[in-house]
Amino acid sequence: MINMKIEEETLLNLLMDRLDFWEVDNETRALFYKMYERNVFNGVFENMEFDIKEIVDNDYNSYCRVIDKTDTFFNIIKDKFEKEGYCDISEETCYNSIEASNEDNTKFLVINK
């Protein structure tokens, strides 16, 4: 095992490079970027072992979901985000939390329960 220090920008780029493996559309990519940017710069990955591939692949395939107006809980999520920002939504919806939003709050990246 190798331990190393890595700059936040480099880590963010590595996460996004792995996301490109999944050939996501630009809107989805932007949502993941916002989530990873917040996580990286808020110290979520500090002093821990992690695997870029495992993190991104699990986020994209299992943990996260992009929500739009076709989702049953969209209005609840939008209202909650506009009042509280990134927050827990587990009481009101079938999702855990809001992780990112596009500029006009028509799409959200949420964490599944």
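In the block above lies the structure referred to throughout.
Notes on the structure in this doc start here. (Residues numbered from 1 in each chain as written. Predicted model: local features only at pLDDT ≥ 70, side-chain atom pairs only at ≥ 80, totals over all residues. Heavy atoms only, no water.)

### Considerations on the overall build of the chain
- Of regular secondary structure, the chain possesses 4 helices and 3 strands.
- Put simply, the chain runs from its N terminus to its C terminus through helices and strands in the order α-α-α-β-α-β-β.
- Expected size for 113 residues packed as a compact globule is a radius of gyration near 13 Å; at 15 Å, the chain falls within 12% of this value.
- Each of the 113 residues in the chain was classed as buried or not, and the buried ones make up 39%.
- Counting only contacts in the chain whose residues sit at least 6 apart along the sequence, the fraction spanning at least 24 positions is 54%.
- Just so you have it, the chain exposes about 7,300 Å², and 45% of that area is on carbon and sulfur atoms.
- Across the chain, the mean location of the 13 positive side-chain charges is 4 Å away from that of the 26 negative side-chain charges. (Helix = DSSP H or I, 4+ residues; strand = E, 2+ residues; numbered from the N terminus. Rg over C-alpha atoms; globule rule 2.2 N^0.38 Å. Buried < 20%, exposed > 50% of the residue type's maximum accessible area, 1.4 Å probe, protein only. Contact = heavy atoms within 4.5 Å. Areas by Shrake-Rupley, 256 points an atom, 1.4 Å probe, with all protein chains shown as cover. Lys, Arg positive; Asp, Glu negative; His and termini not counted. Charge placed at Lys NZ, Arg CZ, Asp CG, Glu CD.)

### Quick notes on the side chain of asparagine 105
- Its place among the elements puts asparagine 105 in the loop between strand E2 (95-101) and strand E3 (108-112).
- Classification of asparagine 105 by relative accessible area gives buried; the value is 14%.
- At 2.6 Å, the side chain of asparagine 105 and the side chain of serine 101 are in polar contact.
- Aside from chain neighbours lying at most four places away, what touches asparagine 105 is Phe74, Lys78, Phe81 and Glu82. (Polar contact = N/O pair within 3.5 Å; in protein donor to acceptor, adjacent residues only side chain to side chain.)

### Considering the sheet that holds E2
- The sheet built from 3 strands is open, its strands ordered E1-E3-E2 with antiparallel pairing. Looking at the sheet topology across the chains shown, the edges are occupied by strand E1 (64-67) and E2. Here the strands of the sheet are splayed against their neighbours by 30 degrees on average, with no regard to which way each runs.
- Strand direction decides the pairing type here: E2 and E3, joined by 5 bridges, are antiparallel. Counterpart to serine 97 in the pairing with E3 is isoleucine 111.
- Relative to the sheet, helix H2 (residues 26-41) contacts E1, E2 and E3, its axis offset from that of E2 by approximately 105 degrees. (Pairing = 2+ DSSP bridges. Axes fitted to C-alpha atoms, helices over the stretch in contact; angles between N-to-C directions.)

### Quick look at the nonpolar core
- Counting residues in hydrophobic clusters, the biggest one holds 19 residues, and the most contacted among them are Leu15, Phe32, Met35, Tyr36 and Leu109.
- When contributions to this core are tallied by element, the ones reaching two or more residues are helix H1 (8-19), H2, helix H3 (52-63) and E3. (Core = buried A, V, L, I, M, F, W, Y, C linked by side-chain atoms within 4.5 Å.)

### Remarks on H1
- For H1, built from 12 residues, the straight-helix expectation of 16 Å at 1.5 Å per residue is met to within 8% by its first-to-last C-alpha distance of 17 Å.
- Of all the positions in H1, only Leu11, Leu12, Leu15, Met16, Arg18 and Leu19 are classed as buried. What you see down the axis of H1 is that its buried residues fit within an arc of 160 degrees, all on one side.
- The elements touched by buried residues of H1 are H2 and H3. (Expected span 1.5 Å × (residues − 1). Arc of directions from axis to C-beta.)

### Examining the packing of H1 against H2
- Interaxial distance between H1 and H2 falls to 10 Å at its minimum, and their mutual angle equals 150 degrees. The angle between H1 and H2 places the two elements in the roughly antiparallel class. Considering how the two elements wind past one another, H1 and H2 form a crossing that is right-handed. Side by side, H1 and H2 meet where Glu8, Glu9, Leu11, Leu12, Leu15, Met16 and Leu19 of the first sit next to Arg29, Phe32, Tyr33, Tyr36, Glu37, Val40 and Phe41 of the second.
- A class-by-class count of the residues in the contact of H1 with H2 yields 10 nonpolar, no polar and 4 charged. (Parallel < 35°, antiparallel > 145°, perpendicular 65-115°, else oblique. Left-handed = near helix turned anticlockwise from the far one by under 90°. Nonpolar A, V, L, I, M, F, W, Y, C, P; charged D, E, K, R; others polar.)

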